[in-house]
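# Architecture and fold: a report
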Amino acid sequence: MLTGEWPNVRAQVGKPNDPGLPADADLVFVCDVLLHVRQKAEWLKTIHSQMQRGAKLILIDFQEGELPEGPPEEIKVPKREVLRLCREAGFALKNDHSELLPYQEFLVFEKP
């Protein structure tokens with residue numbers, strides 16, 4: 001349970017067809033979700049359309065390969081596919097911090 005007040009942080013439960021971002025979101029954090037979204041390209045395009053220019057999208061999801069933790073290999077989204085989907089949705093890759101996590105990719109995108 002979180003304690004204290006964080007007036008600039010809001011949790012948002014999105015829907016598979018509409019992430020429902022608040023209009024003033026300047027950073028969107030998505031962790032271990034993309035592999036569960038059926039219409040990945042459309043979902044990412046919707047996120048892009050709902051974000052302000054200059055806003056950041058952080059995507060964390062499991063790496064390919066056999067890992068001691070995480071989902072089955074057949075449902076993982078390969079990094080190259082994530083990069084392609086995000087680029088086609090209109091995002092620009094700003095940073096790749098995947099070395100920080102042992103089993104996950106940590107990608108930071110921006111809406112130009």
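Look a little higher up for the structure.
In this text, all values refer to a predicted model and were calculated from it rather than measured experimentally. (Residues numbered from 1 in each chain as written. Predicted model: local features only at pLDDT ≥ 70, side-chain atom pairs only at ≥ 80, totals over all residues. Heavy atoms only, no water.)

Let's shift gears to empty space enclosed by the protein. In the structure shown here, the tally under the stated rule is 1 cavity of 30 Å³ or more. Surrounding the largest cavity, Val30, Val33, Leu34, Leu59, Ile60, Asp61, Val77, Lys79, Val82, Glu105 and Leu107 form its lining. Per-element accounting of the lining of the largest cavity gives the leading share, 3 residues, to strand S2 (residues 56-62). (1 Å grid on protein atoms, 1.4 Å probe; cavity = no way out; pocket = protein on both sides within 12 Å on 5 of 7 lines; lining within 4 Å. Points joined across faces, edges and corners; volume = space filled by probe spheres on them. Helix = DSSP H or I, 4+ residues; strand = E, 2+ residues; numbered from the N terminus.)

For an α-helix, 3.6 residues make a turn, and residues three or four places apart therefore share a direction. Among the residues of helix H2 (residues 79-89), Val82, Leu85, Cys86 and Ala89 are the ones counted as buried. All buried residues of H2 fall inside an arc of 95° around its axis, so they share one side. Exposed residues lying more than 90 degrees from the buried face of H2 are Arg80 and Arg87. For H2, the secondary structure elements touched by its buried residues are helix H1 (40-50), S2 and strand S4 (104-110). Gly90 lies just past H2 and shows a positive phi near 110°. (Buried < 20%, exposed > 50% of the residue type's maximum accessible area, 1.4 Å probe, protein only. Arc of directions from axis to C-beta. Contact = heavy atoms within 4.5 Å.)

Along the polypeptide, Asp61 turns up in strand S2. At 3.3 Å, the side chain of Asp61 and the backbone nitrogen of Leu34 are in polar contact. Excluding residues that lie within four positions of it along the chain, Asp61 makes contacts with Asp32, Val33, Leu34, Leu35, Gln104 and Glu105. (Polar contact = N/O pair within 3.5 Å; in protein donor to acceptor, adjacent residues only side chain to side chain.)

A few words now on the nonpolar core. The biggest cluster of nonpolar side chains holds 23 residues, and the ones touching the most others in it are Leu44, Met51, Leu57, Leu59 and Phe91. Breaking this core down by element, the ones donating at least two residues are strand S1 (27-31), H1, S2, H2 and S4. Counting residues per element, this core draws most heavily on H2, at 4 residues. Each residue touching Met51, except ones within four places of it in the same chain, is listed here: Leu21, Val28, Lys56, Leu57, Phe91 and Lys111. (Core = buried A, V, L, I, M, F, W, Y, C linked by side-chain atoms within 4.5 Å.)

A volume near 690 Å³ is recorded for the largest pocket. Around the largest pocket, the lining comprises 27 residues; the ones closest to its centre are Arg10, Gln12, Leu21, Val28 and Phe29. The element contributing the most residues to the lining of the largest pocket is S1, with 5 residues. Broken down by class, the residue content of the lining of the largest pocket amounts to 18 nonpolar, 4 polar and 5 charged. (Nonpolar A, V, L, I, M, F, W, Y, C, P; charged D, E, K, R; others polar.)

Turning next to the pairing of S2. Within a regular strand, the side chains alternate between the two sheet faces. Of all 7 residues in S2, 6 are buried; the element is thus mostly enclosed. Here 5 bridges tie S1 to S2, and the two strands are oriented parallel to one another. If you follow Val30 over to S2, its bridge partner there is Leu59. For the crossover that starts at S1, traverses H1 and ends in the parallel S2, the hand is right-handed. (Pairing = 2+ DSSP bridges. Right-handed = clockwise from strand over helix to strand, strands pointing away.)

Spatial relationships are all this shows, so hold off on functional conclusions.
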